[in-house]
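Here is what each chain is made of, one letter per residue.
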Amino acid sequence: MERLLKDFDVAPKNPSEAAQRRWRSAVAVVKNRRRRFRMVADLAKRSEAEKKRRSIQEKIRVALYVQKAALTFIDAGGLPEYKLSDEIRKEGFGIDPEELASIVRGHDIKRLKLHGGVQGIANKVSVSLDEGICTEDPSSKSSLSVRQRIYGFNRFTEKPARSFLTFVWEALQDLTLIILMVCAVVSIGVGIGTEGWPKGMYDGLGILLSIFLVVIVTAISDYKQSLQFRDLDREKKKVFVQATRDGKREKVSIYDLVVGDVVHISTGDIVPADGLFITGYSLLIDESSLSGESEPVNVYAEKPFLLSGTKVQDGSGNMLVTTVGMRTEWGKLMETLSEGGDNETPLQVKLNGVATVIGKIGLGFAVLTFLVLTVRFLVEKALKHEFTSWSSADALTLVDYFAIAVTILVVAVPEGLPLAVTLSLAFAMKKLMNDWALVRHLSACETMGSATCICTDKTGTLTTNHMVVDKIWLTGKATDMNMNMKGANGKDILKSETRKEVLAILLQAILLNTSSEVVNDKDGKQTILGSPTESALLEFGLLLGGDLAAHRRENKTLKVEPFSSVRKKMSVLVARPDGRVRAFCKGASEIVLGMCDKIVDEEGNLASMSEEQFKNMTDVINGFASEALRTLCLAFKDVDDTSNANIPEGGYTLITIVGIKDPVRPGVKEAVKTCLAAGITVRMVTGDNIHTAKAIAKECGILTEGGIAIEGPDFRSKSPEQKKEIIPRVQVMARSLPLDKHTLVTILRKEFDEVVAVTGDGTNDAPALHESDIGFAMGIAGTEVAKESADVIIMNDNFTTIVTVAKWGRAVYINIQKFVQFQLTVNVVALVINFVSACVSGSAPLTAVQLLWVNMIMDTLGALALATEPPKDELMKRQPVGKGTSFITRAMWRNIIGQSIYQLAVLGVLNFDGKSLLRLHGSDATEVLDTVIFNAFVFCQVFNEINSRDIEKINVFRGMFSSWIFLCIIASTVAFQAIIVEFLGTFASTVPLSWQLWVLCILLGSVSLPLGALIKCIPVGRDTPKHHDGYEPLPSGPELV
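Here is a short report on the structure shown in this document. Note that the structure is predicted; figures quoted are calculated from it, not measured.

What counts, and at which threshold
- Residues numbered from 1 in each chain as written.
- Predicted model: local features only at pLDDT ≥ 70, side-chain atom pairs only at ≥ 80, totals over all residues.
- Heavy atoms only, no water.
- Helix = DSSP H or I, 4+ residues; strand = E, 2+ residues; numbered from the N terminus.
- Buried < 20%, exposed > 50% of the residue type's maximum accessible area, 1.4 Å probe, protein only.
- Contact = heavy atoms within 4.5 Å.
- Areas by Shrake-Rupley, 256 points an atom, 1.4 Å probe, with all protein chains shown as cover.
- Lys, Arg positive; Asp, Glu negative; His and termini not counted.
- Charge placed at Lys NZ, Arg CZ, Asp CG, Glu CD.
- Axes fitted to C-alpha atoms, helices over the stretch in contact; angles between N-to-C directions.
- Parallel < 35°, antiparallel > 145°, perpendicular 65-115°, else oblique.
- Nonpolar A, V, L, I, M, F, W, Y, C, P; charged D, E, K, R; others polar.
- Left-handed = near helix turned anticlockwise from the far one by under 90°.
- Patch = residues over 30% accessible without salt bridge, like charges linked within 9 Å, V, L, I, M, F, W, Y side chains within 5 Å.
- Salt bridge = Lys/Arg side-chain N within 4 Å of Asp/Glu carboxyl O.
- 1 Å grid on protein atoms, 1.4 Å probe; cavity = no way out; pocket = protein on both sides within 12 Å on 5 of 7 lines; lining within 4 Å.
- Points joined across faces, edges and corners; volume = space filled by probe spheres on them.
- Core = buried A, V, L, I, M, F, W, Y, C linked by side-chain atoms within 4.5 Å.

Section: the overall build of the protein chain
Along the backbone of the protein chain there are 38 helices and 28 strands. Overall, the protein chain is about 120 × 80 × 55 Å in size when its C-alpha atoms are taken along their principal axes. A buried classification covers 56% of the 1041 residues belonging to the protein chain. For the protein chain, the share of sequence-separated contacts (at least 6 apart) that also reach a separation of at least 24 residues comes to 73%. Looking at the protein chain as shown, the accessible area adds up to about 43,700 Å², and 57% of this sits on carbon and sulfur atoms. The distance from the centre of the 117 positive side-chain charges to the centre of the 119 negative ones in the protein chain is 2 Å.

Below, the structure is given as structure tokens:
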């Protein structure tokens, strides 16, 4: 089978267009192209959309570069004339939406100045740059609804949702169903002519009713899937930003932003609308998504234009929203991004291949069956010398033969195989969303089942991200902030034992060098906004009596270098009230300590740092770190040369060493243990101190005996051969740069053939997330840039959620294997019994209507029953599915062949010797026998469906009674089978059976359960020696049952 499927192989992530086109051209015998390829990328549309996107990018590039160059030489001369509509003037605004959009879009600085600059625009859109828009008075002229009516909504044009009737129409596009409908209509016409009304129409009407049932059930299943994907899509688009409204900072959905909003942006954010820069520091914008230009752009007061969809690469600032929705260039681009659909998953492609191979075999059998039946019929006519006389009954017989051949094709082409993958993935994604994992790309859920390695961050993923200052070293001694002696806590002791001058400079270092903000919510309650580390420090400063607002009023910030994972520090240059300039620096303890040559001593004086003091400071840092504390150093430097605006890189005075506690999340140790048992290696990659990293890694169970903890600089200095040698044992990488993570992932994937999952939250993590097989971004701490590069977003930032994704990934793979085993068994039996019977007796025991019902059992209902089974804990006690492992395993072939032989033997005996065995006599003996064969066949499938719940384990009932979907489908199948046999005989060519024959049919079907247990005892070799197919070896002894 694998040799036949060589063209049906695509990469799980970023597959090449050649591979995508190759498997599409290899697909043959497709019953319903629209339905089969609904969840497959439309390469033609995608190519067209790409051309459109490039055209828009080219226009933007012209606008941004050519127009700006032209404006240098053109004197505007005055404000271009444009009429302000009465509606805009009446609502109190002074600028037209198109005028506002064109200023920002064209980066027209001269027209901006003619409007009075940013402040002038703010006045014209009735907003205060300090207070933001007023929302408290809904009757206000500038209320949100008025702004949305005049300036538009921040939403992009989306394709309308497909209705249920669309899915019904799609299901009707099935070529075999269309042929059967034509056969049914011909059968009704000929039948009424020969047998009269209404008897002559029963056969044809039965086929039409069966087709109607198949179409409705298929459409309902597809429609429910589309609703699940719509919910997921809605969840993906939930992006929030910080905006100032009514003088208070609050979280606002990007879709609720209006023109006039004051929005706060920082590193890693995606600019949510077109706008103008108000204030900020070192704001560096990546405009490549819009213009295609890779060089980032600095944004400041003289160059204040910000475009929607661009990324904040560095710095922070406030912006005034000027254009929203489809008036922005990003809005036009967004229309093209959704064109063409998502890439198909490897399993979808593989099963398209399986469906093609089996479809070709089925087509051959269908043609052979029709030829055999027709030739037998013609030979019989010739022998009776009736070859020249033809009646409408003869025509009806040939139509029936053709209908049987087409119906064999319906059953033979397993159209549901690739669609079952989509169904299973949709179900898994919906469940994962409830478990705090938002899957952005379908293939990620599937690939995670094969993951062999997880490279995880420490902060916020393994730890709680609820940080608090636990210890502080100041003026020669360390203080435990949690200690409580004689009613005084650590804070009071620190304040009482520290000189006022030292405390003052400590508060300056905390309050003036922070990216966090203290904001009031609607209830007047104070909240600290910012990263957990920054917030912990600021909270500590406030507890010591610091006043953030007063410090910012008295001191003027001149320059800011925000924290980044590359710099590992944050620096600020401040003008003091006395006219002096002072620099403050904080960050990774070793880096900041290396920048210091002085220290604040016990008396609060500045003293030169001796080698012994440097060693003592290093010991303090290592001591804090070995207690699993995150260590930071805070330092300052008075700058004499104020002509140079750069922040100094050395000569600082060390103020304090802070130890911040970030406890390990509950359940992480167990989750790591689960991963190791499942054959998944967990590696911690962190920017923290190596001693902190080792302490946390040991607590989590990541760093084990024989494992290596290495620092980023040491890793970078090694040769490729040395890296290759140590990587299998590397369990912790500390003080790492994003580049180190990227290098580690690349080597693991390319040199060791590992399937690597990576977590990331920062902008610089995007390359590693993109390079990995599965990229996990953090939903809380993660930046929008990281989320955009990720395959899965962990909404609660918890490592245990990643393990849940791995478990569901394995469940999807194994559920599809169960369904394939079940469907192939039905295929084999239905094909062979009808073909052999046609060859031997000249008639097919299963009619068109009966085969359509069987097709629905094995296709839509079978997929729902087997492809949506929840994961079992045993899945995480097996090795991952290896790369290149055969999808249809030897164990599956063993089960398919064993069950097929039994079913064919039973049905064959009944077909050729059933009348004498069952002692059937009378005129209706043939109809009763055919009904028994049909009934026994269906019950064989019902019990085989239960048998397929586990491919190797004997106990197939485990967990069955907790799977309500499975139970409902089995119950409804049995109930409807009883209705067909007992009450719908006129349409389904059945007759009511006695209770004895019902018991016989059920017993014949139920034999497949003990038979399945016996078949599973037949040993089969593993497909691969190391990475097997995901199943444990059969237990022996008492565990066998």
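A closer look at the packing of helix 32 (residues 848-866) against helix 34 (residues 925-947)
Helix-helix packing is described using two parameters, namely the angle between the two axes and the distance between the axes. Look at helix 32 against helix 34: their axes get within 11 Å of each other, and the N-to-C directions meet at 10°. One way to sum up the angle between helix 32 and helix 34 is to call them roughly parallel. Across the interface between the two elements, Q850, W853, V854, I857, L861, G862, A865 and L866 from helix 32 touch F934, F937, V938 and E945 from helix 34. Class assignment for the residues of the contact of helix 32 with helix 34 results in nine nonpolar, two polar and one charged.

Thoughts on the packing of helix 31 (residues 799-841) against helix 34
Between helix 31 and helix 34, the shortest axis-to-axis distance is 10 Å and the interhelical angle comes to 160°. On the basis of their axis angle, the class for helix 31 and helix 34 is roughly antiparallel. Once helix 31 is placed against helix 34, the crossing between them reads as right-handed. On helix 34, the residues touching F822, T825, V826, V829 and A830 of helix 31 are F937, Q941, N944 and E945. Classifying every residue of the contact of helix 31 with helix 34 gives five nonpolar, three polar and one charged.

Topic: a nonpolar patch on the surface
Side chains of I178, V182 and V186 sit close together on the surface and give an oily, nonpolar patch of about 220 Å² of accessible area. Take V186: it is sitting in helix 10 (residues 175-195). Classification of V186 by relative accessible area gives partly exposed; the value is 36%.

Description of empty space enclosed by the protein
Under the criterion given, the structure shown has six cavities of 30 Å³ or more. Quantified by volume, the largest cavity comes out at close to 170 Å³. If you list the elements that add at least two residues to the lining of the largest cavity, you get helix 11 (202-236) and helix 32. The class makeup of the residues in the lining of the largest cavity is six nonpolar, four polar and five charged. Volume-wise, the second largest cavity comes out at about 70 Å³. Lining the second largest cavity, in full, are R35, S221, D222, Q225, G416, L419, A420, L423, D859, T860 and A863. Of all elements in the fold, only helix 11, helix 16 (416-434) and helix 32 reach the threshold of two or more residues within the lining of the second largest cavity. Class assignment for the residues of the lining of the second largest cavity results in four nonpolar, four polar and three charged.

A word on the nonpolar core
Ranked by size, the top nonpolar core spans 170 residues in total, and within it L180, M448, I774, F776, F799, I816 and V820 carry the most contacts. A total of 20 residues in this core trace back to one element, the largest contributor, which is helix 31. M448 has contacts with I454, A757, I774, F776, I802, V805 and A806, leaving out every residue within four places of it along the chain. Ranked by size, the runner-up nonpolar core spans 52 residues in total, among them V118, V263, F277 and V312.

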